[in-house]
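# Observations on the three-dimensional arrangement
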Amino acid sequence: MSTATLVTLDLAAALVAAALWASAGALTVRGRSRLAVGLAAGAAVATSGRVATAVALAGRGWWFAQEKLTIGVPLLLVAVVAVALTIRRGGTAAATAMLTAGYAAAVGLALTLLAGYPSGWGVGLVCAAVVGAAALVTRRALAPAPAPGTLRTGVAAVLAVGLAGGALSVALPGAPTDSGGGVADAAPPGGRTVSVDELRGPDTPDPGGAVRRYTLTARRASVTLSSGRTVAAWAFDGRVPGPPLTATVGDLVEITLRNADIGQGVTLHWHGYDVPAVDDGAPGVTQDPVPPGGSYVYRFRAEQAGTYWYHTHQVSDQGVRMGLYGTLVVSPRVPSTVESVDLALPVHTLDGAVILGDRDTAEERRVAPGTPVRLRLVNTDSGPHRFALAGVPYRLAAVDGTDLNRPGELTEATLRLAAGGRYDLAFTMPAGAVALVVDGTAGAGLRLAPDGVPFARTGPEVAGWPEVDLIAYGAPAATPFGSGSRFDRRFTLVLDRGLAVVDRLPAYAYTVDGKAFPSVPTQVVRAGDLVAMTVVNRGFATHPWHLHGHHVLVLSRDGRPAGGSPLWMDTFDVRPGEVWVVAFRADNPGVWMNHCHNLSHAGQGMALHLEYAGVTTPFHGGHGAG
Ligand code: C2O
Ligand code: CU
């Protein structure tokens, strides 16, 4: 059974237990004890169900079960013991016990949904106090004249436990940093601190390279799509996507960003490109947002070939959605094969319309048989997209800009691309028609055919094609480190929803380890460290995880070691119940965002910083998380 199913069953068991215990108690009050005993038996089964699911979840990882096994289940079991002791006697005592079991089950459910992992002593005591208080009120209501002494002691006990719990939760806010088991002190090895804005790259191209200069101006625009529909957008140079940027390895890329009229400000983040810290475009971390009328220059040497993209990072949920993004494609210095059809195809949802490239209807192109073709798919949305290529066997040549080792031939397959991720598809044009289908629909897509051959009308029939599992695709090859390496730091990020403070207000936030940005502890590393990062999804939404400034090597998913081509990613989809273990070398000093690339999740708390010891930032107050 999948972990996600277990999580759902566990919540269902808690809910059913709460309802049945409460009903059994209510019927006992009404004197209908036969029916009450029947419901109590059902409630006992649901309670055992909750215990069983919690234990099974612990087998999938302590993160999935901690608050259940240390708080929720014990509270429930105490109440159930009280039921067992009173049920023969019936009457008020039994009714109170059953209702209390109902409260305990409900509190356990609320605990899982609102606090989650990790829940400490403070939360546990508050839960106990809530159940105790509800039990007292029930007792008082059912038996109007209990001995006054007992009642007073009960109230005093509940108050004391509740206050202690509250005080503990407030007084133990958790450390502001997480050293991942490494050296905790933040001082750099040499003792000197450096500011992110000093962390610049070279300002000349490699010998033989060129200087590529671009200027991008962000402004409000209205964009007419291929269907004829006009939408209000925010655009670079009046286009959505923004102008495609290209370079060759060794070039110096210099981009001047201007903001004409985007009130909240803009920045440029080079998604997946491991630029020097000062060029990362993270507002409040590496720069201030560029205000209307302002400008900023980004300069980095193109050192990685492949498919990347750029986007604003200031209130990025809104800014990217509105259209402030484009592609960055870097060609190798010595091209391996010259693809004469080489297309960068970002997929985006603009005001409800899915667009591939800049079109919301299928694009048709004539391509001669035998032509090498490369399609560079870029997901610029906040959720995954599914692609299928019909009419030709092909290879998934690269993921997130990095070539795969010996990628196998694919036919009748579905490729699920994480938000923020990129796939390069390569094939030789056949004599027949080829269709790239997005999300199994006949809307935006690409149709290729040689002269005289009709274009394919492929659509929904590709929807059932099986999904390619990347961790088993391609052939293994040597990697600079792996599961057996000795890691200097190990971090764990548990993703969920819960009550947390976002933008100074309490919210039902998207959380990391129970906290929301900027309260999630900063991960501290030293330059040169080998770092392992475990990312756990306890919730019901998919979280495309994205670390700035580094590529991570996937080590395992749900305990299954990565067995295909080495998989270097910058954005990987952690689906509900999944546990990913990835690793990277800390080789790019700076302060980096580490966040969910569902940008609305990031804006609602699911973000943190990765900081190199001794690197400081003078920027604050931007909207770095989202
Ligand atoms: Cu593409 Cu911080 O993001
Ligand atoms: Cu998310």
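This write-up is about the structure you can find in this document. (Residues numbered from 1 in each chain as written. Chains lettered and ligands numbered in written order. Predicted model: local features only at pLDDT ≥ 70, side-chain atom pairs only at ≥ 80, totals over all residues. Heavy atoms only, no water.)

Looking now at the overall build of the chain. When helices and strands are tallied, the chain shows eight helices and 35 strands. For the chain, the C-alpha radius of gyration of 28 Å lies close to 25 Å, the compact-globule estimate for 626 residues. Considering only C-alpha atoms, the chain reaches an extent of 90 × 60 × 50 Å along its principal axes. The proportion of buried residues among the 626 residues of the chain is 53%. Long-range contacts, defined here as pairs at least 24 residues apart, represent 76% of the contacts in the chain between residues at least 6 apart. Here the chain has roughly 24800 Å² of accessible surface; of this, 59% comes from carbon and sulfur atoms. (Helix = DSSP H or I, 4+ residues; strand = E, 2+ residues; numbered from the N terminus. Rg over C-alpha atoms; globule rule 2.2 N^0.38 Å. Buried < 20%, exposed > 50% of the residue type's maximum accessible area, 1.4 Å probe, protein only. Contact = heavy atoms within 4.5 Å. Areas by Shrake-Rupley, 256 points an atom, 1.4 Å probe, with all protein chains shown as cover.)

Between its first and last C-alpha, helix 1 (residues 3-29) extends 39 Å over 27 residues, near the 39 Å set by a 1.5 Å rise per residue. Positive phi shows up at Gly31, right after helix 1, with a value of about 85°. (Expected span 1.5 Å × (residues − 1).)

By the secondary structure assignment, Tyr117 is in the loop between helix 4 (91-115) and helix 5 (121-142). When the C-alpha atoms of Tyr117 and Leu495 are compared, they prove to be 9.0 Å apart, with 378 residues separating the residues in sequence. Those residues within four positions of Tyr117 in sequence are excluded, and the remaining contacts are Trp62, Trp63, Gln66, Glu67, Val494, Asp513, Gly514 and Arg538.

What follows covers the coordination of the copper ion (ligand 2). With distances of 2.0 to 2.1 Å, the protein atoms coordinating the copper ion (ligand 2) are His543 (ND1), Cys596 (SG) and His601 (ND1). Each donor residue of the copper ion (ligand 2) lies on the same chain, and together they follow the pattern H-x52-C-x4-H. Across this residue pair, the class does not change: Cys596 and His601 are buried. (Donors = N, O, S within 2.8 Å, 3.2 Å for Na, K, Ca; no water.)

Let us look at the sheet that holds strand 13 (residues 363-366). Taken in spatial order, the five strands make up an open sheet running 13-22-21-15-19, and their pairing is mixed. Of all the strands in the sheet, just strand 13 and strand 19 (415-417) have a single pairing partner and so form its edges. Pairwise comparison of adjacent strand axes, ignoring direction, gives a mean angle of 20° for this sheet. For strand 15 (residues 385-390) and strand 21 (residues 434-438), the ladder comprises four bridges, and the chain directions are antiparallel. Following the sheet pairing, Ala388 is matched in strand 21 by Val437. (Pairing = 2+ DSSP bridges. Axes fitted to C-alpha atoms, helices over the stretch in contact; angles between N-to-C directions.)

A few words on the environment of Leu85. Here Leu85 is to be found in helix 3 (residues 66-86). Taking the C-alpha atoms as reference points, Leu85 and Ala97, separated by 12 residues in sequence, lie 9.0 Å from one another.

Another point: the sheet that holds strand 10 (residues 325-331). Spatially, 5-10-9-7 is the arrangement adopted by the four strands of the open sheet, whose pairing is mixed. Either end of the sheet is taken by a strand with one partner, and the two such strands are strand 5 (245-248) and strand 7 (269-271). For this sheet, the mean angle separating the axes of adjacent strands, direction not counted, is 25°. Bridge count between strand 5 and strand 10: four bridges; the pairing is parallel. Bridge pairing in strand 10 places Leu245 opposite Leu328.

Time to look at unusual backbone geometry. Cis rather than trans, the peptide bond between Val240 and Pro241 has omega equal to -5°. Mapped onto the elements, Pro241 comes out in the loop between strand 4 (230-236) and strand 5. Geometrically, the link from Phe517 to Pro518 is a cis peptide bond, its omega value of 5° lying close to zero. Note that Pro518 resides in the loop between strand 24 (505-512) and strand 25 (522-525).

A few words now on the nonpolar core. Membership of the largest hydrophobic core comes to 74 residues, with the highest contact counts inside it found for Leu375, Leu396, Leu425, Phe427, Leu436 and Trp545. Leu436 has contacts with Leu345, Leu356, Leu375, Leu377, Phe387, Ala388, Leu389, Leu425, Gly445, Leu446 and Arg447, leaving out every residue within four places of it along the chain. Counting 26 residues, the second-largest nonpolar core is a separate cluster that includes Leu245, Ile255, Val266 and Val330. (Core = buried A, V, L, I, M, F, W, Y, C linked by side-chain atoms within 4.5 Å.)

By the definition in use, this model includes 11 aromatic pairs. Arranged with centres 5.8 Å apart and planes meeting at 50°, the rings of Trp270 and Tyr310 form a pair that is tilted. Taken together, the residues Trp270 in strand 7 and Tyr310 in strand 9 (residues 306-311) connect sequence positions 40 residues apart. Accessibility classification places Trp270 together with Tyr310 in one group, the buried group. Through pairs of rings, three or more aromatic residues link up here, namely Phe236, Trp270, Tyr273, Tyr296, Tyr298, Phe300, Tyr308 and Tyr310. Positioned above the aromatic ring of Tyr510 is the side chain of Arg497, whose terminal nitrogen or guanidinium carbon lies 4.1 Å from the ring centre. (Phe/Tyr/Trp six-rings, centres within 6.5 Å; stacked < 30°, edge-to-face > 60°. Lys NZ or Arg CZ within 6 Å of the ring centre and 35° of its normal.)

Time to look at helix 3. Helix length check: helix 3 (21 residues) gives 30 Å between terminal C-alpha atoms against 30 Å at 1.5 Å per residue, within 8%. Taking the largest bend as the criterion, helix 3 deviates by roughly 35°, centred on Val73, and proline Pro74 comes between one and four positions later. Listing the buried residues of helix 3 in full gives Gln66, Glu67, Lys68, Ile71, Gly72, Val73, Leu75, Leu76, Ala79, Val80, Val83 and Thr86. Residues of helix 3 that are buried make contact with helix 1, helix 2 (33-60), helix 4 and helix 5. (Bend = angle between axes of the 7 residues up to and from the residue.)

Before going further, it helps to examine the environment of Trp592. By the element assignment, Trp592 lies in strand 33 (residues 591-596). Relative accessible area serves as the criterion here: at 0%, Trp592 is assigned to the buried category. Each C-alpha atom, one on Trp592 and one on Thr522, is 9.8 Å from the other, the two residues being 70 residues apart in sequence. Filtering out sequence-adjacent residues up to four positions away, Trp592 remains in contact with Val275, Pro276, Ala277, Asp280, His548, Gly549, His550, Leu608, His609, Leu610 and Tyr612. Here Asn588 takes part through its backbone oxygen, which lies 2.8 Å from a polar atom of the side chain of Trp592. (Polar contact = N/O pair within 3.5 Å; in protein donor to acceptor, adjacent residues only side chain to side chain.)

With that settled, consider the side chain of His601. For His601, the position within the fold is in helix 8 (residues 599-603). A relative accessible area of 4% places His601 in the buried class. Residues contacting His601, with those up to four places away along its chain left out, are Tyr510, Ala541, Thr542, His543, Cys596 and Met606.

A separate point is the pairing of strand 24. Judged from the eight bridges that link them, strand 23 (residues 489-502) and strand 24 form a sheet pairing that is antiparallel. Bridge pairing in strand 24 places Val502 opposite Leu505. The antiparallel pairing of strand 23 with strand 24 creates a hairpin that spans two residues between the two strands, and Asp503 there sits at a positive phi of about 50°.

Scanning the entire structure with this criterion turns up 25 salt bridges. Measuring nitrogen to oxygen at the nearest pair gives 2.7 Å for the salt bridge that ties Arg422 to Asp570. Here Arg422 is found in strand 20 (residues 422-428), whereas its partner Asp570 is found in the loop between strand 30 (568-569) and strand 31 (571-574), with 148 residues between them in sequence. One salt bridge connects Asp469 with Arg560, and the closest N-O pair in it is separated by 3.1 Å. Taken together, the positions of Asp469 in the loop between strand 22 (445-449) and strand 23 and Arg560 in strand 29 (residues 560-561) put the pair 91 residues apart, joining distant regions of the chain. Salt bridges sharing partners connect three or more residues here, namely Glu67, Lys68, Asp496 and Arg538. (Salt bridge = Lys/Arg side-chain N within 4 Å of Asp/Glu carboxyl O.)

Everything listed here is a matter of geometry and, on its own, says nothing about what the molecule does.
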